[in-house]
Amino acid sequence: AQSVTQLDSQVPVFEEAPVELRCNYSSSVSVYLFWYVQYPNQGLQLLLKYLSGSTLVKGINGFEAEFNKSQTSFHLRKPSVHISDTAEYFCAVNSSASKIIFGSGTRLSIRP
Amino acid sequence: DGGITQSPKYLFRKEGQNVTLSCEQNLNHDAMYWYRQDPGQGLRLIYYSQIVNDFQKGDIAEGYSVSREKKESFPLTVTSAQKNPTAFYLCASSPRRTEAFFGQGTRLTVV
């Protein structure tokens, strides 16, 4: 069975500091991996995705993530955050029969 | 515009009543999904469908029912058997084995 673990429920950082949001997955087959962002009372917006190819994936708003098969991780990073990055971030995996499973989310709060 | 439309945005239900949440997509996607979101618990999969007239239970299907009579539509009924239905419900669709595209959600409150 597939599962996704987001190791941090909340991450506070100062504006313009770097940030890493951690995600680990488990699956017995090859996976497709995603990061989404959610602003209050809205749906989810795709930040980036890994389907195949280069393990370093770049997304919107300056975010990037690295797929590490040996560590079954897909951590999200941004070198310098802004107040507008305040939101909840979800990691997701799609590994079989179009079943997409999400992690429990990480709330990113930016301090001025 | 192509996209996923959920309606209504807010829904109030009396205890013991069934309610149906609408989800329509015009993206020609094969797969559709329903998720429930509660604070601190992320998105939990209720039901998903890969093709018309077929659907599978997710992790928390008890107290819910769905139908997939048309490719564009995947309504969710919250039945009286669902003991704690107050939550934010998100519908999504996806081409095969790639990312999901989400609607704006329906917030259901039991009064």
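Being a predicted model, the structure only gives us computed values, none of them experimental. (Residues numbered from 1 in each chain as written. Chains lettered and ligands numbered in written order. Predicted model: local features only at pLDDT ≥ 70, side-chain atom pairs only at ≥ 80, totals over all residues. Heavy atoms only, no water.)

> Just give me the short version of the interface of chain B and chain A, but keep the residues and values in it.
In this assembly, 24 residues from chain B lie in contact with 25 residues from chain A. Between chain B and chain A, a total of about 2,000 Å² is buried, with carbon and sulfur atoms accounting for 50% of that surface. Counting across the interface, chain B meets chain A through 1 salt bridge. In this structure, Glu99(B) and Lys49(A) form a salt bridge, with 3.0 Å as the shortest nitrogen-oxygen distance. Taken together, chain B and chain A are joined by 6 residue pairs in polar contact (both at pLDDT 80 or more). Among the secondary structure elements, those contributing two or more residues to the side of chain B that touches chain A are strand S4 (31-37), strand S5 (43-51) and strand S9 (87-94) of chain B. Grouping the amino acids of the side of chain B that touches chain A by side-chain chemistry returns 10 nonpolar, 9 polar and 5 charged. (Contact = heavy atoms within 4.5 Å. Buried area = accessible area lost by both parts, 1.4 Å probe. Salt bridge = Lys/Arg side-chain N within 4 Å of Asp/Glu carboxyl O. Polar contact = N/O pair within 3.5 Å; in protein donor to acceptor, adjacent residues only side chain to side chain. Helix = DSSP H or I, 4+ residues; strand = E, 2+ residues; numbered from the N terminus. Nonpolar A, V, L, I, M, F, W, Y, C, P; charged D, E, K, R; others polar.)

> If you had to explain the environment of Ile46(B) to someone new, which residues and values would you point to?
Residues and elements named next belong to chain B. Within the fold, Ile46 resides in strand S5. C-alpha separation for the pair Ile46 and Leu90, spaced 44 residues apart in sequence, amounts to 10.0 Å. Dropping the residues within four chain positions of it, Ile46 is found in contact with Trp34, Tyr35, Arg36, Lys57, Gly58, Ile60, Ala61, Tyr64, Leu76 and Tyr89.

Keep in mind that these numbers describe shape and distance, not what the molecule does.
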